[in-house]
Amino acid sequence: MHSVIIAIWLMLPAYLPNNFAVIFGGGRPLDFGRTFPDGRRILGDGKTFRGTIAGTLAGVLLGLLLHAIAAVRPDLGLPGFGRGFELILVLVGLSLGAMAGDIVASFFKRRMGMERGAALFLVDQLDFVFGSWALTLLLAPRWFSESFTAEVIFIVLVVTPVLHRVMNVLGYRIKAKKEPW
Ligand SMILES: CC(C)=CCC/C(C)=C/CC/C(C)=C/CC/C(C)=C/COC[C@@H](COP(=O)(O)O)OC/C=C(\C)CC/C=C(\C)CC/C=C(\C)CCC=C(C)C
Ligand SMILES: Nc1ccn([C@@H]2O[C@H](COP(=O)(O)OP(=O)(O)OP(=O)(O)O)[C@@H](O)[C@H]2O)c(=O)n1
Ligand SMILES: [Mg+2]
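Residues numbered from 1 in each chain as written. Chains lettered and ligands numbered in written order. Predicted model: local features only at pLDDT ≥ 70, side-chain atom pairs only at ≥ 80, totals over all residues. Heavy atoms only, no water.

- An unreviewed UniProt entry lists the protein chain under the name CDP-archaeol synthase, with Methanothrix harundinacea given as the organism.

**Brief notes about the overall build of the protein chain**
Next, step 1: When helices and strands are counted, the protein chain shows 6 helices and 0 strands.
Next, step 2: Compactness check: the protein chain gives a C-alpha radius of gyration of 16 Å against a globular reference of 16 Å for 181 residues, within 12% of the reference.
Next, step 3: The principal-axis extent of the C-alpha atoms belonging to the protein chain is close to 55 × 30 × 30 Å.
Next, step 4: Looking at the protein chain as a whole, 44% of its 181 residues qualify as buried.
Next, step 5: Long-range contacts, defined here as pairs at least 24 residues apart, represent 69% of the contacts in the protein chain between residues at least 6 apart.
Next, step 6: Approximately 9,500 Å² of the protein chain is accessible, and the part contributed by carbon and sulfur atoms is 72%.
Next, step 7: If the 18 positive side-chain charges of the protein chain are averaged to one point and the 12 negative ones to another, these points end up 7 Å apart. (Helix = DSSP H or I, 4+ residues; strand = E, 2+ residues; numbered from the N terminus. Rg over C-alpha atoms; globule rule 2.2 N^0.38 Å. Buried < 20%, exposed > 50% of the residue type's maximum accessible area, 1.4 Å probe, protein only. Contact = heavy atoms within 4.5 Å. Areas by Shrake-Rupley, 256 points an atom, 1.4 Å probe, with all protein chains shown as cover. Lys, Arg positive; Asp, Glu negative; His and termini not counted. Charge placed at Lys NZ, Arg CZ, Asp CG, Glu CD.)

**Concerning the site of ligand 2**
Next, step 1: Close to ligand 2 lie 18 residues; Lys47, Thr48, Arg110, Arg116 and Gly117 are nearest.
Next, step 2: A distance of 3.2 Å separates a nitrogen atom of ligand 2 from a polar backbone atom of Gly46.
Next, step 3: At 3.1 Å, a side-chain N or O of Asp102 approaches an oxygen atom of ligand 2.
Next, step 4: When the free accessible area of ligand 2 is taken as 560 Å², the share hidden by the protein chains comes to 90%.
Next, step 5: For the shell around ligand 2, the elements supplying multiple residues, two or more each, are α1 (2-24), α2 (49-72) and α3 (86-111).
Next, step 6: Tallied by class, the residues present in the shell around ligand 2 amount to 3 nonpolar, 8 polar and 7 charged. (Near = heavy atom within 4 Å. Polar contact = N/O pair within 3.5 Å; in protein donor to acceptor, adjacent residues only side chain to side chain. Nonpolar A, V, L, I, M, F, W, Y, C, P; charged D, E, K, R; others polar.)

**Concerning the environment of Val162**
Next, step 1: Within the secondary structure layout, Val162 lies in helix α6 (residues 150-173).
Next, step 2: Distance from Val162 to Leu91, taken between C-alpha atoms, is 23 Å for residues 71 residues apart in sequence.

**Focus: α3**
Next, step 1: For α3, spanning 26 residues, the distance from its first C-alpha to its last is 36 Å, which sits close to the expected 38 Å at 1.5 Å a residue.
Next, step 2: Of all the bends in α3, the largest measures some 25 degrees and sits at Gly97.
Next, step 3: Phi for Gly113, located one or two positions after α3, is positive at around 80 degrees. (Expected span 1.5 Å × (residues − 1). Bend = angle between axes of the 7 residues up to and from the residue.)

**Details of the side chain of Lys47**
Next, step 1: Its place among the elements puts Lys47 in the loop between α1 and α2.
Next, step 2: Within the structure, the side chain of Lys47 is placed 2.9 Å from the side chain of Asp102, a separation counted as a polar contact.
Next, step 3: Those residues within four positions of Lys47 in sequence are excluded, and the remaining contacts are Pro29, Leu30, Asp102, Ile103 and Ser106.

**Some words on the packing of aromatic side chains**
Any two aromatic rings considered together are summarised by their centre-to-centre distance and by the angle between their planes.
Next, step 1: Within this structure, the stated rule accounts for 10 aromatic pairs.
Next, step 2: Each ring, one from Tyr15 and one from Phe128, has its centre 6.1 Å from the other, and the planes form 65 degrees; the classification is edge-to-face. Linking Tyr15 in helix α1 with Phe128 in helix α4 (residues 123-139), this pair joins segments that are 113 residues apart in sequence.
Next, step 3: You can call Tyr15 buried: its relative accessible area is 10%.
Next, step 4: When the centroid spacing of 5.2 Å and the interplanar angle of 90 degrees are considered together, the rings of Phe36 and Phe107 count as edge-to-face. Taken as a pair, Phe36 in the loop between α1 and α2 and Phe107 in helix α3 lie far apart in primary sequence, 71 residues in all.
Next, step 5: With relative accessibility at 31%, the residue Phe36 sits in the partly exposed group.
Next, step 6: Clustering of aromatic rings is evident, with ring pairs tying together Phe81, Phe130, Trp133, Trp143, Phe144 and Phe148.
Next, step 7: Cation over ring: Arg111 sits above Phe107, and NZ or CZ is 4.9 Å from the ring centre. (Phe/Tyr/Trp six-rings, centres within 6.5 Å; stacked < 30°, edge-to-face > 60°. Lys NZ or Arg CZ within 6 Å of the ring centre and 35° of its normal.)

Structure below.
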């Protein structure tokens, strides 16, 4: 159980951006409404500047809070998010990476002719996980390899689709999302 909490704890700065992107989303789309040569939107209206910026900011701020909690309460045995400047690289990696993973997934969903909001099983639940891992591995390889052991990676891959479902239903219930997925 402890390793499940550690895994969720480490992923919170990548989880929260998704929720805040939904809450603060809307406005100018990242693709400026332009279409790709295949005649479909590059990303669609589901990826906006406001959502991406709000999501990334929320992830970094939450990450700083979690890092402070881990530092102030070492007895809880919760991991921090890096040492010195590395902390910023880790938090940007996790939060902006999550947003980037979701954006890349939207690009391919449009290429596959899927409408904005269409559900793509597993991709919707894990796109932001791979995005956050890829960018964090790039920006802070030492911290990433030290924190994301094979066990933590396995737990995240199993737990995230469940959390994603629960949070999407919650988001739908509070009218923050047009679909419960
Ligand atoms: C500060 C701490 C320690 C925890 C905060 C966790 C928490 C419950 C924050 C609430 C976030 C919030 C404002 C939710 C409102 C509902 C909402 C707007 C949801 C809409 O988003 C749905 C969906 C959108 O994704 P999509 O764009 O891909 O469709 O969001 C996807 C959800 C996830 C990616 C997973 C989200 C998971 C969490 C926020 C973590 C949940 C935390 C727990 C279950 C408690 C365990 C915590 C610890 C410390 C072990
Ligand atoms: N970078 C982002 C990501 C999400 N959102 C907001 O969060 C909502 C839910 O995100 P998601 O499910 O990823 O987008 P979809 O609307 O399903 O679009 P797509 O089919 O491209 O995934 C979006 O509609 C949008 O309002 C945003 O504004 N900016
Ligand atoms: Mg979606």
